[in-house]
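# Understanding the architecture of this molecule
This is what each chain is made of:
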Amino acid sequence: MFPVLERFAYLNAGTFGPLAQETIDAVVTQTRLELERGRSGTPYFESLETLRTSVRSSFAELLGVDNEHVALTSSTTSGCQIVLAGLELGPEDEIVTTDEEHFGLLGPLYASGARVRLVATRDHAPEEALDAILAGVTPRTRLIAVSHVSWLTGNVLPVDAVKEETGLPLLVDGAQSVGAIPVEMGRADFYAVSGQKWLCGPDATGALYVADPERLPVALPTHWSSDDHAPDGSFTPVSGAGRFDSGTIPAPLLAGLQAALAGAPASRFDAGRVTAARCRELLAERFEVVTTPGQATLVTFRPGGDAAEMVARLFEAGVIVRDLPGTGWVRVSCGYWTTDEHLERLLDALA
Ligand SMILES: Cc1ncc(COP(=O)(O)O)c(C=O)c1O
């Protein structure tokens, strides 16, 4: 299924998931169609619509929601940008987030102009995260924005409990959760997803769940946002979250993503959980592991030396992991495709 595994113990889905043969076959087939038949004419545009609808439905099924709540985006970051631009926050407003977030979320938070309040969760046990986040809330809080699974510690943040306790608007960065662990949209108002990580889709793909599309202004309109527009650009948004769709996602990428979404086995979450637990156990025999037991599919550890150098050395040995700049940590991503043999190769290379 994943040709890269013939060469490497590929343990970096937290950056880019492995690509399946079928995914790339679908990209190539669609690209060839465009080469030979062009990118115009009724059949082409109809097929593009069909592809968009089918990818939207696949995301909706994965997230357990209706199509009306799903926007097609190009990344988790673009999903966060869409939400922050729409919320129209100002310097009097506050956003609560944690000190273990990715710039894909932090950048849009900062650019919103609101005051970003960081609470410390990174160096604490996951059970303490809820209280830390609640302590950051003030009467000026307009948004709580946190990841579901931290890209640094690999720990799961209590997103549903945060909403339950505060009732405040909640943006979840789902880059490291969707496709890795079972997720329910539950109480989140917005949930941003990457296609290229745990869903093993092509680059520049993703989705954004919006609980109530009518309540978020369309601040970054694209060709897909409008049903009809006037000469001055005023427009009637399409119904549902489709109004937030990012600009045209190339049809070959959509075709590849569709194949990737269809190709994941039902056992993926169980298999990922088991390999991550095994990986953590093996690493803990020799290293200080940062990730708390029983989290998601990322396992972060302190290598006891220069992390970047170690990652480069592992690459030479056919093992692909990543270091986490500024922390001295190394992160291992375990998916349903990860075998005991991959983990043994990791441990041998670390010896
Ligand atoms: C937690 C988290 N958020 C956001 C991103 C950015 O994802 P994307 O490239 O899909 O915008 C990443 C990427 O590694 C991530 O780990």
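Residues numbered from 1 in each chain as written. Predicted model: local features only at pLDDT ≥ 70, side-chain atom pairs only at ≥ 80, totals over all residues. Heavy atoms only, no water.

## Considering the overall build of the chain
The condition is simple: Per the convention used, a helix needs a DSSP run of H or I reaching at least four residues, while a strand needs a run of E reaching at least two, with both numbered from the N terminus. Radius of gyration: over C-alpha atoms. The globule rule applied is 2.2 Å multiplied by the number of residues raised to the 0.38 power. Between buried and exposed lies partly exposed: a residue is buried under 20% and exposed over 50% of the maximum accessible area for its type, with that area taken using a 1.4 Å probe on protein chains only. Positive charges come from Lys and Arg alone, negative charges from Asp and Glu alone, with His and the N- and C-terminal ends not counted. Charge placement uses NZ in Lys and CZ in Arg. For Asp and Glu, CG and CD serve respectively.
What the chain contains, in helices and strands, is 10 helices and 15 strands. Relative to the 2.2 N^0.38 estimate, which gives 20 Å for 351 residues, the radius of gyration of the chain is 21 Å and therefore close to what a compact globule would have. For the chain, the spread of C-alpha atoms along the three principal axes comes to 65 × 60 × 30 Å. Buried residues in the chain amount to 54% of all 351 residues. Of note, the chain has its 26 positive side-chain charges centred 3 Å away from the centre of its 46 negative side-chain charges.

## So, the nonpolar core
Our working definition: We call a set of buried residues a nonpolar core when its members are Ala, Val, Leu, Ile, Met, Phe, Trp, Tyr or Cys and they connect through side-chain atoms within 4.5 Å of each other. Start and end points for every domain follow an automatic or database-based domain assignment.
Counting residues in each nonpolar core, the largest one holds 57 residues, and the members touching the most others are Phe59, Leu63, Ile144, Leu170, Tyr191, Val193 and Trp337. Residue-level mapping places this core at the junction of two domains, with at least three residues from each of domain 1 (28–263) and domain 2 (266–350). Among the nonpolar cores identified, the runner-up in size contains 24 residues, and Phe301, Val332, Cys334 and Leu350 belong to it.

## A closer look at the pattern of salt bridges
Counted only if it meets this: Salt bridges, as used here, are contacts in which a Lys or Arg side-chain nitrogen is within 4 Å of a carboxyl oxygen on Asp or Glu.
Under the criterion given, the structure shown has 15 salt bridges. Arg273 is paired through a salt bridge with Asp270; the nearest N and O atoms lie 2.9 Å apart. Note that Arg273 and Asp270 are positioned in helix α8 (residues 268–284) at a spacing of 3 residues, about one turn of the helix. Residue classification places Asp270 among the partly exposed residues on the basis of a relative accessible area of 47%. What you see here is one network of salt bridges that share partners, running through Arg52, Arg56 and Asp245.

## Section: the site of the ligand
Keep this limit in mind: Summary of the distance rule: residues count as near a molecule or strand when at least one heavy atom falls within 4 Å of that molecule or strand. Each polar contact in these results corresponds to two N or O atoms within 3.5 Å; when the atoms are within protein, one needs to be able to donate a hydrogen and the other to accept it, and residues that are neighboring in sequence are counted only if both atoms are side-chain atoms. Under the convention used here, a 1.4 Å probe and the Shrake-Rupley method define accessible areas, while residue burial counts only the protein chains that appear. Side-chain classes are defined by residue name, with Ala, Val, Leu, Ile, Met, Phe, Trp, Tyr, Cys and Pro counting as nonpolar, Asp, Glu, Lys and Arg as charged, and the others, Gly among them, as polar.
In the vicinity of the ligand, the residues found are Gly14, Ser75, Thr76, Thr77, His102, Trp151, Asp173, Ala175, Gln176, Ser194, Gln196 and Lys197. Separating an oxygen atom of the ligand from a side-chain N or O atom of Thr77 is a distance of 2.5 Å. Between the ligand and Lys197 there is a distance of 2.6 Å, counted from an oxygen atom to a side-chain nitrogen or oxygen. Protein contact buries 89% of the 400 Å² of open area that the ligand shows by itself. For the shell around the ligand, the residue count by class is 2 nonpolar, 8 polar and 2 charged.

## Some points on unusual backbone geometry
One non-glycine residue, Glu88, lies in positive phi territory at about 50°. Within the fold, Glu88 resides in the loop between α3 (76–87) and β3 (94–98). Exposure remark for Glu88: the relative accessible area of 58% places this residue in the exposed category. Positive phi values are uncommon outside glycine, yet Cys200 reaches one of about 60°. Position of Cys200 among the secondary structure elements: in the loop between β7 (190–194) and β8 (206–210). For Cys200, a relative accessible area of 4% corresponds to the buried category.

## Examining the domain arrangement of the chain
Quick reminder of the rule: Contact criterion: two residues are considered in contact whenever any of their non-hydrogen atoms come within 4.5 Å of each other. Reported buried area values correspond to the accessible surface (1.4 Å probe) lost by two parts on association, with both partners' losses combined.
Under the domain assignment, the chain is made up of domain 1 (28–263) and domain 2 (266–350). For domain 1 and domain 2, the distance between their C-alpha centres works out to 27 Å. Across the boundary between the two partners, domain 1 contributes 20 residues, which contact 19 residues of domain 2. When domain 1 packs against domain 2, close to 1700 Å² is buried across both sides, 62% of that on carbon and sulfur atoms. Ranking the residues of domain 1 by area buried against domain 2 places Trp151, Leu152 and Trp198 at the top, with a combined share of 32%. For the pair domain 1 and domain 2, the number of links is 0 salt bridges. For the pair domain 1 and domain 2, the interface holds 5 residue pairs in polar contact (both at pLDDT 80 or more).

## Some remarks on a negative patch on the surface
Rule in force here: For patch detection, residues must exceed 30% relative accessible area and be free of salt bridges, and they are connected within 9 Å for like charges or within 5 Å for nonpolar side chains (Val, Leu, Ile, Met, Phe, Trp, Tyr).
On the surface, a cluster of negative charge is contributed by Glu127, Glu128, Asp131 and Glu165. Turning to its location among the elements, Glu165 is positioned in helix α6 (residues 159–166). Owing to a relative accessible area of 52%, Glu165 belongs among the exposed residues under this scheme.

## Some remarks on the packing of helix α2 (residues 42–63) against helix α7 (residues 251–263)
The following threshold applies: For helices, the fitted axis covers only the stretch in contact; all axes are lines through C-alpha atoms, and the angles between them, taken along N-to-C directions, range from 0 to 180 degrees. In this scheme the crossing of two helices becomes right-handed for a clockwise turn of the near helix relative to the far one and left-handed for an anticlockwise turn of less than a right angle.
One can describe the packing of α2 onto α7 by two numbers: an axis separation of 10 Å at closest approach and a directional angle of 35°. Note on packing geometry: the crossing formed by α2 with α7 is left-handed. In this structure, α2 uses Tyr44, Leu48, Leu51, Arg52, Ser54, Val55, Ser58, Phe59 and Leu62 to contact α7, whose residues at the interface are Ala251, Leu254, Ala255, Leu257, Gln258 and Leu261. Residues belonging to the contact of α2 with α7 are distributed by class as follows: 11 nonpolar, 3 polar and 1 charged.

## As for the sheet that holds strand β12 (residues 298–302)
For the record, the criterion: When DSSP finds two or more bridges between two strands, those strands count as paired.
The antiparallel open sheet is built from 4 strands, whose spatial order is β11-β12-β15-β14. Strands at the two margins of the open sheet, each flanked by one partner only, are β11 (288–289) and β14 (322–324). Both β12 and strand β15 (residues 329–333) contribute to a ladder of 4 bridges, which runs antiparallel. Across the sheet, residue Thr300 finds its bridge partner in β15, namely Arg331. Taken strand by strand, α8 contacts β11, β12 and β15, and its axis lies near 10° from that of β12.

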